[in-house]
Amino acid sequence: MIVSAVVRRAGRAVGRGRRTVAAALTFAVTAPMLSACFEEPTAHQAVRDFLVGWQSGDYTLAARRTDGDPKAVAKALADVRLQLDAASFRFNLTGITRQGNASTAGFRAEVDLGENNPLWVYDGKLPLHLVGGEWKVRWSPSVLHPQLKEGQRFAVDPTSDGRQPVVDRNGDPLQRNATLYVAGVTPATVKDAARVCEELSRVTGFAQDRLLSRIQSAPPSSFVPLVTFGRRKFAQLQAKLEAIDGIKIDTQEEPVAPDAPRQIVGTVSAVTPESEQQLGGPQRAGDSIGLNGLQKAYQDQLTGATGTRVITLDLKTDQEVAELAKWPGRATASVATTIDSRLQQAAELAVAGTRPVALVAVKASTGEIYAVATKDYHQEKDALAGKFPAGSAFSVVAADAMLKAGVDPKQKVPCPPQRTVGGARFQQPTIPGQTTTTGQTTTPNADPNSTPNADPNTGQTTGQTTGQTTQSARTASTTVRGAFAMGCVTALAAMARRVDASALAASAAAYGIGSKWQLPLRSYTGQMPKMLTDAGKAKAVVGQNVKVSPLTMALVAGAVKSGTWHPRPWSPHPRPPTPPPRSSRSSSPPPSASTPRSSPSSAP
């Protein structure tokens, strides 16, 4: 026979959010079975009243079914919930045996301790005897747990390993330690815990009841961290915190100050009242939370989960007597990246004196990211996930398609200042021995959303260059190889008729453009346009309507170097140092659609 009683506090789905007292109660009884097993007065009724009263918070009901002092028993039951900081109780009656005027009831207790811990499950016994014709639970602390004795109490001892660092490929941290300030108490030295929590709640905004429950459930002689502050926030509140009698300020060093690449590594903050409500367990006031970058993406791995022990303490000495249950939590672990700190420093110096730029360096043979550096661009949003026109850097992909289509690299081709392909006009601003004073590329009825520098009203694309003419304007002659090497836009656009749109798309896919690989951070793999006309193909060949990120083109450059595109730009484990990688650089403002270099472009 199984009899179950359940109660849960509202508002406590996960972790340790604010909780209210009993909201629902269910109790299952099979009446025919009871009447067949017991004569009146039945011990079952006493057992049911006691367990239901205990789990529902009706301690008066529970106390009446014991032979102890009603007030003392009710207080002891209320203290159990506080000492365990329990979210809910569930009891299953496993059986009742009777020997004359005595009975013993077995039960299984399931206690939700919150903080994403498993339920604490243990078996207990209720000794009963007849008192004045009524069944009563023979009261002693062992009724609450078989190992609890007189002069003892429960306590919950949480453990945490502290935040782990994000490291580079050699295992060196990519952030520096910073001092965090932890406001907490030692419960045994606090005269009025409720008043302390009221004042601390007023200063910090954290829920008073949650602060108080942490104090009440902790071992009295242990320091209980309640709220953690960064340097600036602590400086603002220091005077108010120090004015609260009983509050102690402890300092701890944690790896939370990011080094380069800062926006990739990410920033860390102490848990706030708002984030505590949103996150639930395992984060608590006193923990840190990643706000962005890898610190946010790998929050669970870097912080792990709070470990928990349920113990008994001697009330006189505050010393631990026994460990009743233990959950180690989830172990913390550092996050290993493929960043090479030496190359990252070189990349930072490379972009420092430039115009707005985004640079991504990868190892050609594996595609692993070695460095991400920017100036006036965001390292994640732009360098990894930006959507830029590929420009003539895309011609390396187009050349692959042309060679597969049988185009002879030695074939002679003209490189005129201007060329019209399928109704779209292209301009070559600089060719050997010739520079135009002004130039303009116009594409009638162009799509302003897919054409760089397009006028949103007319759909025309324009670009201008200035210089001095050293020879009379004439059409230069070169080879396909030469046109590719110098980035002759007009020559490359004219050769678009020699290759199918499907072949261009296939070559782009072979170089990873538009592939499904994904980083733990936001990233963009690129997108090919619909090439329904010769004009559309010509624009794609010179990269006008192809969208890529600097990371995309760095991987393209790596594929050219190694002969294979590698779809794993972020390795989960550091590797030994390797030769300098390929890099991709993006400059702003972007050049015109007809210039040989565009934003972003790939550098070997």
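Rules and cut-offs
- Every chain is numbered independently, its residues counted from 1 as its sequence is written.
- Only residues with pLDDT of 70 or above have their local features reported here, since the model is predicted, and side-chain atom pairs are shown and tallied only from 80 upward, although totals for entire chains, interfaces and linings are computed over all residues.
- Values shown for side chains rest on all heavy atoms present in the structure; no hydrogens or waters enter the calculation.
- Lines fitted to the C-alpha atoms define the axes, with helices restricted to the stretch that makes contact. Angles between their N-to-C directions range from 0 to 180 degrees.
- To qualify as a helix, a DSSP run of H or I must reach at least 4 residues; to qualify as a strand, a run of E must reach at least 2; elements of each kind are numbered from the N terminus.
- In what follows, roughly perpendicular refers to angles from 65 to 115 degrees, roughly parallel to angles under 35, roughly antiparallel to angles over 145, and oblique to any angle outside these ranges.
- Crossings are assigned a handedness: left-handed for a near helix turned anticlockwise from the far helix by less than a right angle, right-handed for a clockwise turn.
- It only takes one pair of heavy atoms within 4.5 Å for two residues to be counted as in contact.
- Side-chain classes follow a simple rule in which Ala, Val, Leu, Ile, Met, Phe, Trp, Tyr, Cys and Pro form the nonpolar group, Asp, Glu, Lys and Arg form the charged group, and the remainder, Gly included, forms the polar group.
- The quantity known as pLDDT measures the predictor's confidence residue by residue, on a range of 0 to 100.
- We call a set of buried residues a nonpolar core when its members are Ala, Val, Leu, Ile, Met, Phe, Trp, Tyr or Cys and they connect through side-chain atoms within 4.5 Å of each other.
- Here's how the labels work: a residue is buried when its accessible area is under 20% of the maximum for its type, exposed when over 50%, partly exposed in between, all with a 1.4 Å probe on protein chains only.
- A pairing counts as a salt bridge when a side-chain nitrogen of Lys or Arg comes within 4 Å of a carboxyl oxygen of Asp or Glu.

It is worth spelling out the packing of helix 5 (residues 193-204) against helix 6 (residues 208-217) at this point. At a closest axis distance of 9 Å, the pairing of helix 5 and helix 6 adopts a crossing angle of 140 degrees. Between helix 5 and helix 6, the interaxial angle falls into the category oblique. Like other packed secondary-structure pairs, helix 5 and helix 6 cross with a definite hand, here right-handed. The residues of helix 6 that touch helix 5, namely those facing A193, A194, C197, E198, L200 and S201, are Q208, L211, L212 and I215. Its residues assigned to classes, the contact of helix 5 with helix 6 shows 7 nonpolar, 2 polar and 1 charged.

The predicted model of the protein chain averages 80 in pLDDT, with 77% of residues at 70 or higher. Least confident of the elements in the protein chain is strand 28 (residues 601-603), whose mean pLDDT is 27; most confident is strand 26 (residues 547-548), at 97. Across residues 1-40 the pLDDT falls below 50, and counting only partners more than four positions away or on other chains, this stretch makes 101 contacts in the model. Here residues 571-604 is a poorly scored stretch, pLDDT under 50, and it has 128 contacts once near neighbours within four places are set aside; other chains count.

Once that is clear, we can look at the nonpolar core. Within the largest apolar cluster, 65 residues are counted, with the highest numbers of intra-cluster contacts made by I369 and L551. Looking at which element gives the most residues to this core, the answer is helix 19 (residues 550-562), with 6 residues. Grouped together as the second largest cluster of nonpolar side chains are 40 residues, A62, V80, A105 and V111 included.

We now examine the pattern of salt bridges. Tallied over the full model, the rule gives 17 salt bridges. We note a salt bridge from D123 to R108, for which the minimum N-O separation is 2.8 Å. Within this pair, whereas D123 is found in strand 5 (residues 120-131), its partner R108 is found in strand 4 (residues 102-112), the two being separated by 15 residues in sequence. Take R108: its relative accessible area is 37%, and that puts it in the partly exposed class.

Quick look at helix 14 (residues 395-404) now. Counting buried residues along helix 14, 8 of its 10 residues qualify, which places the element largely inside the surrounding structure. Against the buried residues of helix 14 lie helix 15 (480-486), helix 16 (489-494), helix 17 (501-510), helix 18 (534-541) and helix 19. One or two steps after helix 14, the chain reaches G406, where phi turns positive at roughly 95 degrees.

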